[in-house]
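If you want the building blocks of each chain, they are given just below.
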Amino acid sequence: MSAITAASATDTATDTRSPLPVLGRDVLVPLVTGGQVTYAALDYAASAPALQRVWDDVAAYAPYYGSVHRGAGYLSQLSTDLFENSRKDVAAFLGCRPDDQVVFTRSTTDSLNLLAAVLPRGTRVFVFETEHHASLLPWQQREGVEVGFLSAPRSPREAVETLDRALAAWRAEGPAEGGAAGPALVCVTGASNVTGELWPVRELTEVAHAHGARIVLDAAQLAPHHPVDIAASDIDWVAFSGHKLYAPFGAGVLAGRADWLREARPYLAGGGASRKVAVRARDGVGGVDVEWHTTEARHEAGSPNVIGAYAIASACKALTEAGFEGLVARERELIAKVREGLAEVPEVRVLSLFGDDAPRVGVISFVVEGWNSSHFAAALSAEYGIGVRDGLFCAHPLVRTLLGGEPGDQGECGAPEAAPGERSLNAIRVSFGAGTPDEHVERFIGAVKELVRDGAKWSYRTEDGRCVPDRG
């Protein structure tokens, strides 16, 4: 691939209106048909570009980077303060309760695996089959935990009713023989990473608590677009990732109730998680006595990712200061523009679980009649400089439901096996947010219409499971 260069001020699009500037908004990429164009990043649901504010904050801190906790040096103490203040900033962003814990992890996936690891034995987990794999899979890895998968609802009301019935049936089972009934946990997304549709989190929380269950919110797609308030909504835990919140450097968050976190074995055993360690015997068989921390440190063993945590905190403050009311209003304009543009193309079918009128964030998936989705996405990139996503979006059961496919149909996360023109069970996803200029959305709509009308200008082939331009 040829080198990517920064565009000059005269090369950038004239309309770059966006509330929060992001990196990459002036990057030029080559077109297979010749020339270069400013890159249109429309894959926010996978990883959003970094906010300029975040990058500037991290760059300003970088010369002062030092080890976190226990260091006597000035830079170590400064870095420790930065790390712990980042925890406070994230807690404020999420509206945490005074006794909640904010644990820094690697990602949403890591956060939910952490929660799965601390579940008490005998917990019953309830999860809709429409969840992202990060919410769908971790619970089965925990010994002594049962998982109940709930069928895909076709409306928010049906989702609430489905959960109510499932929890009522669980309670009706009564206590296990010889013991008390175990706890229950509900895991639900705040906004679908496939359709962008908002889920009825408040109503689901009320139902869960009415039946004595707890609830964890996968806010990976919700937090970058809408405010999340743990205390106001009475959610037990929230998980999200920095890289979807305009903050790179590989960090995530699990925030919420402290009791299960304090009572469980550490997620990772090692330095930082332990307060006191003593070996009971030497030169033979023995053991180690360990006193573990009861704070967030219990599940943050090893040297913490201070830059990742600080990046998340910076993004949280930037979004708060920008004001979600204005961000949401503008995003609704972009959503309407994309949906109206796609509606003008009869060959395009937008995927939806709850229907056209359902509120949503800037995530829209669709298929195009006569096109393999991987082929279409490759053409958008190679011929128009537009980056979207294709595949099953790590939500295989949901996409198969929406496309009417069977479990054995071809298609996998971003790497469909079928060649261009052949049927494969995959879709195209366009996603955007606070850093998206109007021009990117307008170029995308124009490109979709042109591709459907005129076809691709270039030929494509499959290489390593991906559809790529055929360069001879």
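Scroll up to find the structure.
Note that the structure is a prediction, hence the values are computed from the model and not measured. (Residues numbered from 1 in each chain as written. Predicted model: local features only at pLDDT ≥ 70, side-chain atom pairs only at ≥ 80, totals over all residues. Heavy atoms only, no water.)

*Asks:* Would you explain the sheet that holds strand β11 (residues 252-256) in this entry?
*Replies:* Think of a sheet as strands paired side by side through backbone hydrogen bonds, with each pair either parallel or antiparallel. The 7 strands are arranged β5-β11-β10-β9-β8-β6-β7 in an open sheet whose pairing can be described as mixed. With partners counted over all chains shown, the strands left at the sheet margins are β5 (101-105) and β7 (146-150), one partner each. Put simply, the sheet's adjacent strands are angled 20° from each other on average, direction ignored. Judged from the 4 bridges that link them, strand β6 (residues 124-128) and strand β8 (residues 184-189) form a sheet pairing that is parallel. Considered in β8, the bridge of Val125 is made with Leu185. Lying on the sheet, helix α2 (residues 74-94) is in contact with β5, β10 (237-241) and β11; it crosses β5 at an angle near 115°. (Pairing = 2+ DSSP bridges. Helix = DSSP H or I, 4+ residues; strand = E, 2+ residues; numbered from the N terminus. Axes fitted to C-alpha atoms, helices over the stretch in contact; angles between N-to-C directions. Contact = heavy atoms within 4.5 Å.)

*Asks:* Can you help me understand the nonpolar core in this one?
*Replies:* Side chains of nonpolar character tend, in soluble globular proteins, to be buried together. One finds Leu94 and Phe240 to be the most contacted residues of the largest nonpolar core, which totals 85 residues. It is helix α9 (residues 306-322) that contributes the most residues to this core, 9 residues altogether. (Core = buried A, V, L, I, M, F, W, Y, C linked by side-chain atoms within 4.5 Å. Buried < 20%, exposed > 50% of the residue type's maximum accessible area, 1.4 Å probe, protein only.)

*Asks:* It is not clear to me how a nonpolar patch on the surface should be interpreted in this structure. Could you clarify?
*Replies:* On the surface, Val277, Val279, Val288 and Val290 cluster together into a nonpolar patch covering about 310 Å² of accessible area. Of all the elements in the fold, those that place two or more residues in the nonpolar patch are β12 (274-279) and β13 (288-292). Examined against the element boundaries, Val279 turns out to sit in strand β12. On the basis of relative accessible area, Val279 is assigned to the partly exposed category, the value being 47%. (Patch = residues over 30% accessible without salt bridge, like charges linked within 9 Å, V, L, I, M, F, W, Y side chains within 5 Å. Areas by Shrake-Rupley, 256 points an atom, 1.4 Å probe, with all protein chains shown as cover. Salt bridge = Lys/Arg side-chain N within 4 Å of Asp/Glu carboxyl O.)

*Asks:* Please explain the packing of helix α5 (residues 156-173) against helix α6 (residues 201-210) as it appears in this structure.
*Replies:* Any two packed helices are characterised by the angle at which their axes cross and by the distance between the axes. Look at α5 against α6: their axes get within 10 Å of each other, and the N-to-C directions meet at 10°. Comparing their axes, α6 and α5 come out roughly parallel. Facing α5, whose interface residues are Ala159, Val160, Leu163, Asp164, Leu167 and Arg171, α6 presents Glu203, Leu204, Val207, Ala208 and Ala210. Counted by class, the contact of α5 with α6 contains 8 nonpolar, no polar and 3 charged residues. (Parallel < 35°, antiparallel > 145°, perpendicular 65-115°, else oblique. Nonpolar A, V, L, I, M, F, W, Y, C, P; charged D, E, K, R; others polar.)

*Asks:* Whenever I open this one, the sheet that holds strand β17 (residues 389-391) confuses me. Can you help?
*Replies:* The sheet built from 4 strands is open, its strands ordered β14-β15-β18-β17 with antiparallel pairing. Of all the strands in the sheet, just β14 (348-350) and β17 have a single pairing partner and so form its edges. Between one strand and the next, the sheet's axes are offset by a mean angle of 30°, whatever the strand orientation. Relative to strand β18 (residues 427-431), strand β15 (residues 363-368) runs antiparallel, the two being bridged by 4 bridges. Counted as the bridge partner of Phe366 is Ile428 from β18.

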